[in-house]
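Report on the structure
The primary structure of each chain is shown beneath.
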Amino acid sequence: MKLTVRIWRQTGPATEGRLVPYPVDGVSPDMSFLELLDVLNQELIAAGEEPVAFDHDCREGICGSCGVVINGQAHGPERTTACQLHLRSFSDGEVVDVEPWRAKGFPIIKDLVVDRSALDRIVQAGGYVSAPTGSAPDAHATPVPKPDADLAFDNATCIGCGACVAACPNGSATLFTAAKVTHLSLLPQGQPERGQRVLDMVDAMDAEGFGGCTNTGECVASCPKGIPFASISALNREFRKASRAGRR
Amino acid sequence: MADYLTGDPIADTKAPAVPLEKRWDERKFAAKLVNPANRRKHRVIVVGTGLAGGSAGATLAEQGYHVVQFCFQDSPRRAHSVAAQGGINAAKNYRNDGDSVYRLFHDTVKGGDFRSRESNVYRLAQVSAQIIDQAVAQGVPFAREYGGLLDTRSFGGVQVQRTFYARGQTGQQLLIGAYQALSRQIDAGNVELHARTEMLDLVVVDGRARGIVARDLVTGKIETHLADAVVLATGGYGNVFYLSTNAKGSNATAIWRAHKRGAYFANPCFTQIHPTCIPRSGEHQSKLTLMSESLRNDGRIWVPKEKGDTRPPAEIPEDERDYYLERLYPSFGNLVPRDIASRAAKNVCDAGFGVGPGGLGVYLDFADAITRLGRPAIEARYGNLFDMYQRITAEDPYAVPMRIYPAIHYTMGGLWVDYDLQSTIPGLFVIGEANFSDHGANRLGASALMQGLADGYFVLPATVNDYLGSTRLDDVLPEAVTPVETEVRERIERLLAIKGTRSVDSFHRELGVLMWDHCGMSRTREGLRKALDRVPELRAEFWRDVRIPGRGAELNQELEKANRVADFLELAELLLVDALAREESCGGHFREEHQTPDGEAERDDENFAYVAAWEYGEKPVLHREELVFDHVHPTQRSYT
């Protein structure tokens, strides 16, 4: 099949970017979207031009490295990661726009590559259980009800790709933060730090320049791992409870 | 003309000469300690943030060391351990099915086809139970039963249920646990993290590892980072084959450059082929995706009994199907170890029974399991894997059987280390997949996650303590550093100046095909020779004709790849030499010249019960480490 991809090219954070059209011919519907970029890059290199910079690594939908806005949607038309999106989701001859994640919290580095380290700093602010190595009790000492473990797992599947931020009209990192807070607050191991965790993580989120949450739901619609909307309500509940308790 | 020279034998001198069960306790007790107040004066570099590197960084920092940690990804959470699906073994015996530390040890030594060290494997089995405790304490949401207790399942090569799992995302969950522990230490100021930074060389001063030269992948800046010890946790080198289940960025550069600085490289030819990969769909394929081996618990593997049968699987009646694993290996059936299952798939496909495009595939069928357990149970166990399969192939595995084919997955070779996980360069420690120590010639399922975390959480923190507590280290003078940095700079300038006609990928793909054809699932003297002729030519072409657009002082992904492929082109040759020298079949190394009359691998314990530790030189120098089996007596590995 044949496609025209219009790709955001930007040489560096301080320069201006623009969409540049590239026709790509003879691609297969079984290719992943990133393989389309591979093919294009090989052509660009052969023509003596600079290939398109984009983040990617596992190409199995789990590392969270890849992420671009395709035709206005984070990760494109299917609810998955860009590496697991295949060209069979597009029609022959289609013009496809490809842009980087756009959010104040994610400065552009080059072309489609953005800096998502703000998400790491949110986790560093408290998204963990303080469990030093070597002193843990036997794993069966604390049973965890299966429904709690399952729901914790559903939230723990977040891959930190940043699609939720890119999809949000406010550029908010609420769904990401909510996933982590919900995962840890459901487990008995996470309890002592529960209140402090949510307050610190929400503070860190605000400090990084992410916008506020207005319950638009675009984040949930674009999340490749299906983190539920209910996690945001859970985050809000945790936050109110901790604020009332005056944990600091 | 010989391909290599033979040097003095090498031996592990760190495992204490006490009974197997007491070795690790004895080693820990004899190890020197560092006073907690003195620990913060020591800097330790950790390269890599996967299960091994992340857990090591977090634990060393907890102990009070100043850890300087590196990863080439934009975040430590993206290390490729994140992609491991199936599970992690531990000798908890929660099932009361006869499991024990000794049985886990026994299974692992046997599974490794008697090419691993008993001491190391026993320790691995010992600390396995603690790993589960540690992960649970961190909030890793393992699968649980309704009573609230942890669920387990079984894996290839094993007859007990000792594998703990978190749906099909066990690696992700364990990695996030280690990443969170690391994040906590970053926030506390004990870990200084350099993301998007790649190690390009090792700084050795007075024979000791004292730092690394690294490139900031965003600015292109080359910088030296000094420390009192260096830990490499950079994963495997399976991408030498281009198509593999590894992440695209996984590479051998850190271990290869350390090898060139004096660290011996052990058993490079032991590469594991994983039996359950999604077959490639065409020339464009950039990598392969694995389907967890745990699927073999409930999936039945078959091919049509008739050659070239192109009927859809549903139209092939039961008695016209060959469930070849169940037929050939009745007691293990579909759960035979990976090397056996892979080779069996290759054999039926080579004989013309394969299914799917090009006949390179076999069916992995869940119809029986869905009838027996119901679709919801299968969804609960493997839902995300089924979704992934459907996404990639556009086929519904609940309705039609999956198609699978073997692919390069894990490398059991790596830098040689002693019981302390220290390489032949003092102060250079190597952990996880980057070392060679625990898996022998083959790796059982669910044992890589176990090794990564055992090394990082439990082994390394004790042995690094001993090294720092017993070694006097002087300050590093700038004269020692400048030449290494200059070499790294010059190499990059040289790469950029070639301005040839062929892309980095075109060289990598050609190398990959060559390696898969001649050094893949089965190898012959003739094929290995052919590849050994071609690889040096290809390397020369690379340095003459590669084209790398852009500059060095910026984000330049082609330059990153070129640096890595240049190293793969060198490592490939050592891999071939090692495969040629090993005149036996063993685990993931199948030499067609050495097989039993019924086509199984034929080991030669008399001549090859050794670790091949290669020293870098004009010609590689082989140092043999004799393997002694006092507890698990080497036998023909039988799974029938």
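Residues numbered from 1 in each chain as written. Chains lettered and ligands numbered in written order. Predicted model: local features only at pLDDT ≥ 70, side-chain atom pairs only at ≥ 80, totals over all residues. Heavy atoms only, no water.

With that out of the way, let us pick up the overall build of chain A. Secondary structure summary: chain A contains eight helices and seven strands in total. The principal-axis extent of the C-alpha atoms belonging to chain A is close to 60 × 40 × 35 Å. Looking at the 248 residues of chain A, the share that counts as buried comes to 58%. Across chain A, every contact between residues at least 6 apart in sequence was considered, and the portion connecting residues at least 24 apart equals 68%. Roughly 9,200 Å² of accessible area belongs to chain A as shown, and the carbon and sulfur atoms make up 51% of that amount. (Helix = DSSP H or I, 4+ residues; strand = E, 2+ residues; numbered from the N terminus. Buried < 20%, exposed > 50% of the residue type's maximum accessible area, 1.4 Å probe, protein only. Contact = heavy atoms within 4.5 Å. Areas by Shrake-Rupley, 256 points an atom, 1.4 Å probe, with all protein chains shown as cover.)

Right, let's talk about the overall build of chain B for a bit. Looking only at helices and strands, chain B has 17 helices and 21 strands in total. Radius of gyration (C-alpha) of chain B: 24 Å, near the 26 Å computed for a compact globule of 640 residues. Here the C-alpha coordinates of chain B stretch approximately 75 × 60 × 45 Å along the principal axes. Among the 640 residues that make up chain B, the fraction classed as buried is 66%. Restricting to contacts in chain B with at least 6 residues of sequence separation, those with at least 24 account for 74%. Approximately 21,300 Å² of chain B is accessible, and the part contributed by carbon and sulfur atoms is 49%. Averaging the positions of the 75 positive and the 86 negative side-chain charges in chain B gives two centres separated by 3 Å. (Rg over C-alpha atoms; globule rule 2.2 N^0.38 Å. Lys, Arg positive; Asp, Glu negative; His and termini not counted. Charge placed at Lys NZ, Arg CZ, Asp CG, Glu CD.)

Counting from both sides, the interface comprises 76 residues of chain A and, opposite them, 75 residues of chain B. Both sides together, the interface formed by chain A and chain B hides about 6,100 Å², and carbon and sulfur atoms give 51% of it. When the area that chain A buries against chain B is broken down by residue, the three leading residues are A:Glu60, A:His140 and A:Phe153, summing to 12%. Linking chain A with chain B are six salt bridges, by the criterion used here. Between B:Lys287 and A:Glu60 there is a salt bridge, with the nearest N and O atoms lying 2.7 Å from each other. There are 44 residue pairs in polar contact (both at pLDDT 80 or more) connecting chain A and chain B. (Buried area = accessible area lost by both parts, 1.4 Å probe. Salt bridge = Lys/Arg side-chain N within 4 Å of Asp/Glu carboxyl O. Polar contact = N/O pair within 3.5 Å; in protein donor to acceptor, adjacent residues only side chain to side chain.)

What follows covers the packing of aromatic side chains. Residue and element names in this part refer to chain B. Here the structure, examined in full by the defined rule, presents 23 aromatic pairs over all chains. With 5.8 Å between their ring centres and 75 degrees between their planes, phenylalanine 429 and tyrosine 467 make a pair best called edge-to-face. Placement of phenylalanine 429 in strand β19 (residues 428-430) and of tyrosine 467 in helix α12 (residues 448-470) is noted, with a sequence separation of 38 residues between them. The class for phenylalanine 429 is buried, based on a relative accessible area of 1%. (Phe/Tyr/Trp six-rings, centres within 6.5 Å; stacked < 30°, edge-to-face > 60°.)

With that settled, consider the sheet that holds strand β9 (residues 208-216) of chain B. Residue and element names in this part refer to chain B. Taken together, three strands build an open sheet; the order of strands is β8-β9-β10 and the sheet is antiparallel. Looking at strand neighbours, the two that pair on one side only are β8 (197-205) and β10 (222-226), the edges of this open sheet. Pairwise comparison of adjacent strand axes, ignoring direction, gives a mean angle of 30 degrees for this sheet. Pairing analysis gives eight bridges linking β8 to β9, with the strands arranged antiparallel. Bridged to glutamate 198 within β9 is arginine 215. (Pairing = 2+ DSSP bridges. Axes fitted to C-alpha atoms, helices over the stretch in contact; angles between N-to-C directions.)

Below, the discussion takes up the sheet that holds strand β17 (residues 402-411) of chain B. All names here are of chain B. Pairing within the open sheet is antiparallel, and its five strands lie in the order β13-β17-β16-β14-β15. Whereas interior strands pair on both sides, the edge strands pair on one side only; in this sheet they are β13 (271-277) and β15 (321-322). One ladder, built from two bridges, connects strand β14 (residues 300-304) with β15; its direction is antiparallel. By the bridge assignment for β15, valine 303 is matched with aspartate 322. Contacts between helix α9 (residues 338-350) and the sheet are confined to β13, β14, β16 (362-365) and β17, with β13 contributing the most and set at about 65 degrees to the helix.

Further remarks concern the state of the cysteines. Residue and element names in this part refer to chain A. Applying the stated criterion to the full structure yields zero disulfides over all chains. Here cysteine 168 stays free of any disulfide, with the sulfur of cysteine 219 as its closest cysteine sulfur at 6.5 Å. On the accessibility criterion, cysteine 168 (14% relative accessible area) is buried. (Disulfide = S-S within 2.5 Å.)

Bringing the environment of B:Ile222 into the picture now. All names here are of chain B. Take isoleucine 222: it is sitting in strand β10. Judged by its relative accessible area of 9%, isoleucine 222 is buried. Sequence spacing of isoleucine 222 and tyrosine 363 is 141 residues, and the spatial spacing of their C-alpha atoms is 50 Å. Sequence-distant contacts of isoleucine 222, that is, excluding residues within four places in its chain, are made with Val213, Ala214, Arg215, Glu485, Val488, Arg489 and Ile492.

When the charged atoms of two side chains with opposite charge come close together, those side chains can pair. Residue and element names in this part refer to chain B. Inspection of the entire model under this criterion finds 76 salt bridges over all chains. Notably, a salt bridge pairs arginine 603 with aspartate 113, separated by 2.7 Å at the nearest N-O pair. Here aspartate 113 lies in the loop between α4 (101-111) and α5 (118-137) and arginine 603 lies in the loop between α16 (557-581) and α17 (605-608), a separation of 490 residues in the sequence. Aspartate 113 carries the same exposure label as arginine 603, and that label is buried. Notably, a salt bridge pairs arginine 257 with aspartate 567, separated by 3.0 Å at the nearest N-O pair. You can see arginine 257 sitting in helix α7 (residues 253-260) and its partner aspartate 567 sitting in helix α16, a full 310 residues away along the chain.

Okay, α9(B) next. In an α-helix, one turn spans 3.6 residues; hence positions three or four apart end up facing the same way. Residues and elements named next belong to chain B. Helix length check: α9, at 13 residues, gives a terminal C-alpha distance of 18 Å against a target of 18 Å (1.5 Å per residue), a fit within 8%. Burial within α9 is extensive, with 11 of its 13 residues counted as buried. All of the buried residues in α9 are Arg338, Asp339, Ile340, Ala341, Ser342, Arg343, Ala344, Ala345, Lys346, Val348 and Cys349. Contacts from the buried residues of α9 go to β13, β14, α8 (324-328), β16 and β17. Just past α9, the residue glycine 352 takes up positive phi, approximately 95 degrees. (Expected span 1.5 Å × (residues − 1).)

A word on the packing of helix α13 (residues 478-498) of chain B against helix α15 (residues 525-545) of chain B. Residues and elements named next belong to chain B. Put simply, α13 and α15 touch, their axes get as near as 7 Å, and they point 80 degrees apart. Relative to α15, the element α13 lies roughly perpendicular. From α13, Arg491, Arg494, Leu495 and Ile498 reach across to α15, where they touch Phe542, Trp543, Arg544 and Asp545. (Parallel < 35°, antiparallel > 145°, perpendicular 65-115°, else oblique.)

A:Phe33, B:Ile88, B:Phe142, B:Leu232, B:Leu428 and B:Phe542 are the most contacted members of the largest nonpolar core, which has 266 residues in total. When residues in this core are grouped by element, the largest group, 15 residues, is from α16(B). Those residues in contact with B:Leu232 that lie beyond four places of it in its chain are B:Val47, B:Met199, B:Ala254, B:Ile255, B:Ala258, B:Leu415, B:Leu428, B:Phe429, B:Val430, B:Ile431 and B:Ala434. Counting six residues, the second largest nonpolar core, distinct from the first, contains B:Tyr242, B:Leu243, B:Cys277 and B:Ala407. (Core = buried A, V, L, I, M, F, W, Y, C linked by side-chain atoms within 4.5 Å.)

This next bit is on the pairing of strand β1 (residues 3-9) of chain A. Residue and element names in this part refer to chain A. Among the seven residues of β1, five are classified as buried, and the element is accordingly described as predominantly covered. Judged from the four bridges that link them, β1 and strand β5 (residues 95-99) form a sheet pairing that is parallel. The partner of arginine 6 across the bridge, within β5, is aspartate 97.

Low pLDDT means the predicted coordinates in that region are not meant to be read closely. Per-residue confidence for chain B gives a mean pLDDT of 95, with 100% of residues at or over 70. At the level of chain-chain contacts, confidence expressed as ipTM amounts to 0.98, with global pTM at 0.97. (pLDDT = per-residue confidence, 0-100.)

Residues and elements named next belong to chain A. Packing of helix α5 (residues 174-185) against helix α8 (residues 230-245) brings their axes to within 8 Å, and their N-to-C directions diverge by 70 degrees. Judged by the angle between their axes, α5 and α8 are roughly perpendicular. Residues Thr174, Leu175, Thr177, Ala178, Val181, Thr182 and Ser185 of α5 touch α8, and the partners they reach there are Ser231, Ile232, Ala234, Leu235 and Glu238. Of the residues assigned to the contact of α5 with α8, the class counts are six nonpolar, five polar and one charged. (Nonpolar A, V, L, I, M, F, W, Y, C, P; charged D, E, K, R; others polar.)

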